[in-house]
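Descriptive analysis of the structure
As a plain string of letters, each chain reads:
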Amino acid sequence: MKFIQTRGCDENRPQSVTFSQAILSPIASFGGLYIPQNLPKLGIGFLNKHLNSSYKELASDMLSRFEIDIEKSVVDEALSLYDNFDDSKNPVPVIKIKENLFVSELYHGPTRAFKDMALQPFGHILSSIAQKRDENYLILVATSGDTGPAALETFKNKKNIQVVCMYPANGTSDVQRLQMVTEDAPNLKVIGIKGNFDDAQSALKNLLSSKSFEKTLKEKNISLSAANSVNFGRIIFQIIYHIHNYLELVRQGSTKMGDNAYINVPSGNFGNVLGAYYAMKMGLPVEKLIIASNENNILTRLIQTGIYDMRKTELILTTSPAMDILKSSNVERILFDLYGARRTKELMHDLDTKKVYKLTSQELLKLQEIFVADYSSDEEGKEYIKNNFKDGYLMDPHTATCFKAYKTCASKNIDTIIYSTAEWTKFSPVIASALTGEKNAQDIVALETISKEAKVEIPFMIKELFSKTIIHEDVVEKNTIEKEILDFL
């Protein structure tokens with residue numbers, strides 16, 4: 001399979017590239033992104049074939065349909081990393097909450113967040129390519145809280161790989177921060193930024209497209225890539241669990257094969273729901289994709305009005321910080337698929353230069369055929385956490401945003417899959433506040449409170465964070481990031 005570019009092609013790049021080329025150099029012409037030239041069609045036959053398959057068998061077959069230029073032995077090694085999840089036979093449990101409502105728990109990997117589902121196999125594949133080519137790579141990571149720990153975990157001590165992870169210094173939970181700043185592998189560098197996630201992501205994109213930075217790296221015999229969802233190597237693995245989740249509805253006898261279901265995703269950078277969109281296009285029976293936002297509800301406004309407007313919008317720090325994002329990179333891939341490269345280039349140029357773009361009425365109708373959206377306030381989220389806990393289900397504040405969208409957007413009496421993107425341990429002060437009224441508790445205190453209230457164990461990989469040595473203490477201004485990276489190299 002070949003990959004093409006969302007904003008068209010300049011004279012410096014080929015019209016299309018292979019999968020390995022797209023993941024090694026993820027930024028395309030004019031600052032765009034790579035997307036598959038064609039998507040494989042799966043259909044009901046594929047779903048029936050895998051009704052009794054393991055997750056790894058499903059993943060292996062799905063990846064083979066993309067005809068990626070990666071040796072099967074490397075893919076098999078990458079997929080074997082799911083054996084290290086809580087349940088090697090079922091890395092993604094789908095839990096019934098009530099009639100027609102299910103939660104897909106994507107957080108049972110080593111860093112307790114959904115990013116492990118993609119980054120565990122992706123990291124193995126990318127480092128294998130680098131070793132096979134005998135090339136050295138600098139992997140840049142910008143994180144709102146979960147991508148960073150997952151990327152550091154998958155790339156630590158990997159040969160031919162160095163990683164620089166940038167996070168907003170005051171924009172993550174304590175657990176997320178500790179997961180990053182206590183990593184002690186010599187090939188890892190973690191940098192706190194005086195700013196928000198959009199600042200970190202802008203720095204990443206600017207460095208990926210900087211000719212002078214690229215030249216400096218080449219002098220050091222280093223090539224540049226990224227582990228954010230701008231890299232399609234992330235997205236391809238995020239398609240798989242949407243298919244798995246639908247099959248789970250059928251296995252559990254709630255959905256009849258071929259009947260539609262809602263997919264309800266808490267959305268920040270839009271990569272998770274982009275995987276669902278591609279699964280839908282490939283033949284997964286989906287009624288609508290429900291976008292759940294927090295008070296940074298720029299995606300809700302886009303889907304309801306067709307206007308993406310950042311002009312007078314300040315980022316709000318919420319209790320669901322992984323969604324505290326204003327410029328959602330993967331929306332661009334949707335724009336391309338719906339409206340083509342020329343229109344995508346126009347819209348993204350407007351966003352980059354004017355901080356706003358507006359869809360036509362026909363373009364908006366096309367978007368609304370697929371997506372519906374709503375957002376939840378912090379207080380509403382706490383109420384959903386509290387009420388669902390009374391009914392026996394413990395969840396984090398990102399998952400909680402989906403319950404508001406479920407209530408307002410799932411208009412048909414069919415199954416809905418809510419996506420739980422992080423374990424309760426990542427955001428314990430918020431959850432403790434929702435359950436007990438406890439205010440401003442430190443993470444370790446809140447963890448103990450919830451453990452006692454819910455009668456659940458704190459996972460060892462979380463508990464040990466509070467006694468580990470902090471390795472990465474740097475917090476820098478945005479304009480010094482490049483210097484910090486070059487000093488590290």
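Read on for a plain summary of the structure. (Residues numbered from 1 in each chain as written. Predicted model: local features only at pLDDT ≥ 70, side-chain atom pairs only at ≥ 80, totals over all residues. Heavy atoms only, no water.)

1. Re the overall build of the protein
Formally: Each helix corresponds to a stretch of at least 4 residues labelled H or I by DSSP, and each strand to a stretch of at least 2 residues labelled E; elements are numbered beginning at the N terminus. Both definitions apply: the radius of gyration is a C-alpha atom measure, and the globule rule equals 2.2 Å times residues to the power 0.38. Categorising residues by exposure relies on relative accessible area from a 1.4 Å probe, with only protein chains included: less than 20% of the type maximum marks a residue as buried, more than 50% marks it as exposed, and the intermediate range marks it as partly exposed. By the convention used here, residues are in contact when the closest approach between their heavy atoms is within 4.5 Å. Only the protein chains shown count as cover for residues, with accessible areas throughout obtained via the Shrake-Rupley method and a probe of 1.4 Å.
The helix and strand tally for the protein stands at 21 helices and 15 strands. In terms of overall dimensions, the protein is globule-like: its C-alpha atoms have a radius of gyration of 21 Å, near the 23 Å expected for 489 residues. Taken along its principal axes, the extent of the C-alpha atoms in the protein is 60 × 50 × 50 Å. Across the 489 residues in the protein, those meeting the buried criterion constitute 62%. In the protein, of all internal contacts separated by at least 6 residues, the share reaching a separation of at least 24 is 75%. For the protein, the exposed surface amounts to about 19100 Å²; the carbon and sulfur share of it is 46%.

2. Observations regarding the sheet that holds strand β15 (residues 475-476)
This is how the line gets drawn: Whether two strands pair comes down to DSSP finding at least two bridges between them. Every axis in this analysis is a line fitted to C-alpha atoms, fitted for helices over the stretch in contact. Angles between the N-to-C directions lie between 0 and 180 degrees.
Within the open sheet, the five strands sit side by side as β8-β5-β6-β7-β15. Their pairing is parallel. Strands with a single pairing partner mark the edges of an open sheet, and in this sheet they are β8 (222-226) and β15. Two strands pair when backbone bridges link them, and strand β5 (residues 136-142) and strand β6 (residues 161-168) are joined in this way by six bridges, in the parallel orientation. When the sheet's bridge partners are listed, V141 is paired in β6 with C165. Of the strands in this sheet, β5, β6, β7 (188-193) and β15 are in contact with helix α21 (residues 481-488), which crosses β7 at around 160°.

3. Some words on the sheet that holds strand β13 (residues 371-375)
Ordered in space as β3-β4-β14-β9-β10-β13, the six strands form an open sheet in which the pairing is mixed. With partners counted over all chains shown, the strands left at the sheet margins are β3 (94-98) and β13, one partner each. Within the sheet, the average angular offset between the axes of one strand and its neighbour, ignoring direction, is 25°.

4. Considering helix α10 (residues 232-251)
The cut-off we apply is this: A helix is expected to span 1.5 Å multiplied by its residue count minus one. Contacts described as polar in this section are N or O atom pairs within 3.5 Å, which, within protein, must combine one atom able to donate a hydrogen with one able to accept it, while residues neighboring in sequence count only if both atoms come from side chains.
With 20 residues, α10 should cover 28 Å at 1.5 Å per step; its first-to-last C-alpha distance of 30 Å lies within 8% of that length. At the N-terminal end of α10, a side-chain oxygen is found 2.9 Å from the backbone nitrogen of G233, two or three residues along, and the residue is N231. Phi turns positive one or two residues past the end of α10, at G253, with a value near 75°.

5. Considering the nonpolar core
Condition: Here the nonpolar core consists of buried residues drawn from Ala, Val, Leu, Ile, Met, Phe, Trp, Tyr and Cys, with membership extended through side-chain atoms lying within 4.5 Å.
Counting 146 residues, the largest nonpolar core has M62, F237, I243, Y357, L367 and F371 as the members making the most contacts within it. Apart from the residues within four sequence positions on either side, I243 is in contact with L42, F46, L47, L58, M62, A279 and L284. Within the second largest apolar cluster, 25 residues are counted, among which are L140, A203, L208 and A226.

6. Some details on unusual backbone geometry
Glycine aside, the phi torsion of most residues is negative, and most peptide linkages are trans. Within the chain, R112 stands out as a residue other than glycine whose phi angle is a positive 65°. Its location among the elements puts R112 in the loop between β4 (101-105) and α5 (115-133). Phi angles above zero are rare outside glycine, and K455 is one such case at about 55°. Along the chain, K455 turns up in the loop between α19 (443-454) and α20 (460-463).

7. Concerning the pairing of β5
Every regular strand shows the same layout, with side chains that alternate between the two sheet faces. Cut-off, in case you're wondering: If you view a crossover with the strands going away from you and the path from the first strand over the helix to the second runs clockwise, you call it right-handed.
Within β5, six of the seven residues are buried, which leaves it mostly tucked inside the rest of the structure. In this structure, β5 lies alongside β8, joined through five bridges in parallel fashion. Looking at the pairing, L140 lines up with A226 of β8. Crossover handedness for the path β5 to helix α6 (residues 147-155) to β6: right-handed.

8. So, the packing of helix α9 (residues 211-219) against α21
Two packed helices can be described by the angle between their axes and the distance between those axes. Worth spelling out the cut-off: For classification purposes, an angle smaller than 35 degrees is called roughly parallel, one larger than 145 roughly antiparallel, one from 65 to 115 roughly perpendicular, and anything else oblique. Classification used: nonpolar for Ala, Val, Leu, Ile, Met, Phe, Trp, Tyr, Cys and Pro, charged for Asp, Glu, Lys and Arg, polar for all others including Gly.
Here α9 crosses α21 at 5°, and the two axes come no closer than 12 Å. One way to sum up the angle between α9 and α21 is to call them roughly parallel. Contacts between α9 and α21 involve F213, T216 and L217 from the former and E482, I485 and L486 from the latter. Looking at side-chain class alone, the contact of α9 with α21 contains four nonpolar, one polar and one charged residues.

9. As for the environment of S144
Position of S144 among the secondary structure elements: in the loop between β5 and α6. Discounting residues that sit within four places of it in the chain, S144 has contacts with G171, T172, Q176, F197, P321, A322 and I325. In this structure the side chain of S144 is engaged in a polar contact, spanning 3.1 Å, whose partner is the backbone oxygen of A322.

10. Topic: the packing of helix α18 (residues 428-436) against α19
Cut-off, in case you're wondering: Definitions for this section: a left-handed crossing has its near helix turned counterclockwise from the far helix by less than a right angle. A right-handed crossing has that turn clockwise.
Across the interface, α18 lies against α19 with an axial gap of 8 Å and an inter-helix angle of 45°. In terms of orientation, α18 and α19 fall into the oblique class. The chirality of how α18 crosses α19 is left-handed. Residues S428, P429, I431, A432 and T436 of α18 form the contact with α19, whose own contacting residues are D443, A446, L447, T449, I450 and E453. The class makeup of the residues in the contact of α18 with α19 is six nonpolar, three polar and two charged.

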